[in-house]
Amino acid sequence: MANQKDYIIATLGSHTALQILKGARDEGFKTLCICRKGEEAPYKSYGVADEIITVDDFAKDFFRIEADLIKKNAIIIPHGSFVSYIGAKKMNDVKMMHYGEKAILEWESDRIKERQWLLAAGLKMPKIFKTPEEIDRPVIVKFHGAGGGFGYFIANNTKEFHERIKAYPNNNGYVLQEYIVGVPIYTHYFYSLLTDELEIMSFDKRYESNADSIGRIAAKDQIDVGLQTSYTITGNMPLVIRESLLPQLFEMGRRVVEESRKLTKKGLYGPFCLEAILDPKLNFYTFEISARIVAGTNPYTNGSPYTWLKYNEPMSTGRRLAREIKQAIEQGRLEEVLG
Ligand code: ATP
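Residues numbered from 1 in each chain as written. Predicted model: local features only at pLDDT ≥ 70, side-chain atom pairs only at ≥ 80, totals over all residues. Heavy atoms only, no water.

Chemist: Explain helix α7 (residues 158-165) to me, and be specific about the residues and the numbers.
Modeler: Among the residues of α7, those classed as buried are Thr 158, Phe 161 and Ile 165. The arc enclosing the buried residues of α7, seen along the axis, measures out at 55°, which places them on a common side. Residues of α7 that are buried make contact with β7 (139-143), β8 (153-155) and β9 (174-178). One side-chain oxygen at the N-terminal end of α7 lies 3.3 Å from the backbone nitrogen of Lys 159; it belongs to Asn 157. (Buried < 20%, exposed > 50% of the residue type's maximum accessible area, 1.4 Å probe, protein only. Helix = DSSP H or I, 4+ residues; strand = E, 2+ residues; numbered from the N terminus. Arc of directions from axis to C-beta. Contact = heavy atoms within 4.5 Å. Polar contact = N/O pair within 3.5 Å; in protein donor to acceptor, adjacent residues only side chain to side chain.)

Chemist: Talk me through the sheet that holds strand β13 (residues 270-278); I want residue IDs and the actual numbers.
Modeler: The 5 strands are arranged β12-β11-β10-β13-β14 in an open sheet whose pairing can be described as antiparallel. Across the chains shown, the open sheet's two edge strands, defined by having one partner strand only, are β12 (231-239) and β14 (284-290). Ignoring strand direction, the axes of neighbouring strands in this sheet form an average angle of 35°. Alignment of strand β10 (residues 183-191) against strand β11 (residues 198-210), held across 6 bridges, turns out to be antiparallel. Looking at the pairing, Thr 187 lines up with Phe 203 of β11. Across the sheet, helix α10 (residues 246-260) is in contact with β10, β11, β13 and β14; its angle to β11 comes to roughly 100°. (Pairing = 2+ DSSP bridges. Axes fitted to C-alpha atoms, helices over the stretch in contact; angles between N-to-C directions.)

Chemist: If you had to explain the environment of Asp 279 to someone new, which residues and values would you point to?
Modeler: Mapped onto the elements of the fold, Asp 279 is located in the loop between β13 and β14. Relative accessible area serves as the criterion here: at 13%, Asp 279 is assigned to the buried category. Distance in space between the C-alpha atoms of Asp 279 and Lys 142 is 20 Å, their sequence separation being 137 residues. Excluding anything up to four places from it in sequence, Asp 279 contacts Ile 180, Val 181, Gly 182 and Tyr 285. A distance of 2.9 Å separates a polar atom in the side chain of Asp 279 from the backbone nitrogen of Asn 283.

Chemist: Break down the nonpolar core for me, with residues and values.
Modeler: Ranked by size, the top nonpolar core spans 74 residues in total, and within it Val 256 and Phe 272 carry the most contacts. Once you skip the residues sitting within four places of it in the chain, Phe 272 turns out to touch Thr 187, His 188, Tyr 189, Tyr 191, Leu 198, Gly 253, Val 256, Val 257, Ile 289, Ser 290, Ala 291 and Arg 292. Grouped together as the second largest cluster of nonpolar side chains are 14 residues, Phe 129, Val 141, Ala 155 and Phe 161 included. (Core = buried A, V, L, I, M, F, W, Y, C linked by side-chain atoms within 4.5 Å.)

Chemist: So what's going on with the site of the ligand? Which residues, and what values?
Modeler: Taken together, the neighbourhood of the ligand is formed by 18 residues, with Lys 142, Tyr 152, Gln 177, Glu 208 and Glu 288 sitting nearest. Here Lys 142 contributes a side-chain N or O atom positioned 2.8 Å from an oxygen atom of the ligand. Contact with the protein chains hides 84% of the accessible area of the ligand, taken as 610 Å² for the molecule alone. Where the shell around the ligand is concerned, the elements lending two or more residues are β7, β9, β10 and β14. When residues are assigned to domains, the shell around the ligand turns out to be shared by domain 1 (4-123 + 182-207 + 237-337) and domain 2 (128-178), each giving three or more. (Near = heavy atom within 4 Å. Areas by Shrake-Rupley, 256 points an atom, 1.4 Å probe, with all protein chains shown as cover. Domains from an automatic or database assignment.)

Chemist: Hey, could you go over the side chain of Ser 14 for me, with residue numbers and the actual values?
Modeler: As for its position among the elements, Ser 14 is in the loop between β1 (8-12) and α1 (17-26). Setting aside anything within four residues of it in sequence, one finds Ser 14 in contact with Tyr 43, His 79 and Ser 81.

Chemist: Can you break down the sheet that holds β9 residue by residue, with the values?
Modeler: Strands sit in the order β6-β9-β7-β8 across an open sheet of 4 strands; the sheet is antiparallel. Looking along the sheet, the strands with just one partner apiece sit at the ends: β6 (128-129) and β8. Of the strand pairs in this sheet, β7 and β8 are connected by 3 bridges, and their pairing is antiparallel. Residue Val 141 lies in a different strand from β8, and its bridge partner there is Phe 153. Strands β7, β8 and β9 of the sheet are contacted by α7, whose axis makes an angle of about 145° with β8.

Chemist: Before we move on, can you summarise the packing of α1 against helix α12 (residues 317-330) with the specific residues and values?
Modeler: The contact between α1 and α12 brings their axes to 7 Å, and the two run at 45°. As the angle between them shows, α1 and α12 are arranged oblique. Crossing geometry of α1 relative to α12 is assigned as right-handed. Counted together, Gln 19, Ile 20, Gly 23, Ala 24 and Asp 26 of α1 and Thr 317, Gly 318, Arg 319 and Ala 322 of α12 form the full contact between these two elements. Looking at the contact of α1 with α12 residue by residue, the classes come out as 3 nonpolar, 4 polar and 2 charged. (Parallel < 35°, antiparallel > 145°, perpendicular 65-115°, else oblique. Left-handed = near helix turned anticlockwise from the far one by under 90°. Nonpolar A, V, L, I, M, F, W, Y, C, P; charged D, E, K, R; others polar.)

So yeah, pure geometry; function would need other evidence.
In structure tokens, the structure reads:
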């Protein structure tokens, strides 16, 4: 019978590594952090890693050290930075034990496939306009490859779009998405493949620069200074949602999981996040899914109000992940949760 002590939980030192490693430690695992040179300080200071491997470059060096990780019997927990450094396409080259199904990341990282998936699951999404001429309501213009939503702008109609796009002569293309006036809400789920249970772990809202500071100056000053809105993520804020919205969110998560099983062999499991705008009529318009742990769970290293209800002990998403792996090992079902 496999023993939990035979395995190491590993991740890249970034994104949600602190709670993943702390959670794994709390569940009795040995932990390993792959750090970029010069970025070890938090992982040393918070004491979450039994071992730190230092590399120059995540993308290049990961495959160089992978054989060593395999020898150590390490299980890698993919987070947003891991997927973005390795690249969705190269994820299939990862040979070591990997929590979660890789194939689903292809559906998540391709805007067209992602939309197909979420619409098939019955989620409301912002309308997409194929050409500027079709714009009949406010749209948010999202540039391809714009790190942190840099330069995204709002246009109210076709004329305004053509005026404003002139400022971006070298853009790599864009999506014209209906702009939903409402509040962004990020719902953090965990779906257990072992028990077929869907949990809502927590919620967050983001703290984005400079979008979250523009409202601090008068509209006239915003125009005079010629501000460009950017949505560079700088942090996450905890959120508790109006309780009557919870049934709907459980239902949305359940449908996304069910639909995912039609797309790939095992479908979506483990932590994921639906990113939505909630309008004043209380409609959720989902604009994105993250098919892995999101940084919005970071305010909850000690658990959220929701995990407290269920667990009566500190339960971060990182710890929940480790518990799932631990139970899979105990039940001889580790293969099932690896992908
Ligand atoms: P990605 O996560 O794919 O890199 P991004 O972070 O650059 O994308 P998004 O997450 O799509 O950009 O959006 C940036 C910000 O714009 C978010 O704060 C979100 O709340 C807001 N936003 C995105 N789409 C809409 C929309 N359709 N209506 C209103 N606000 C939106």
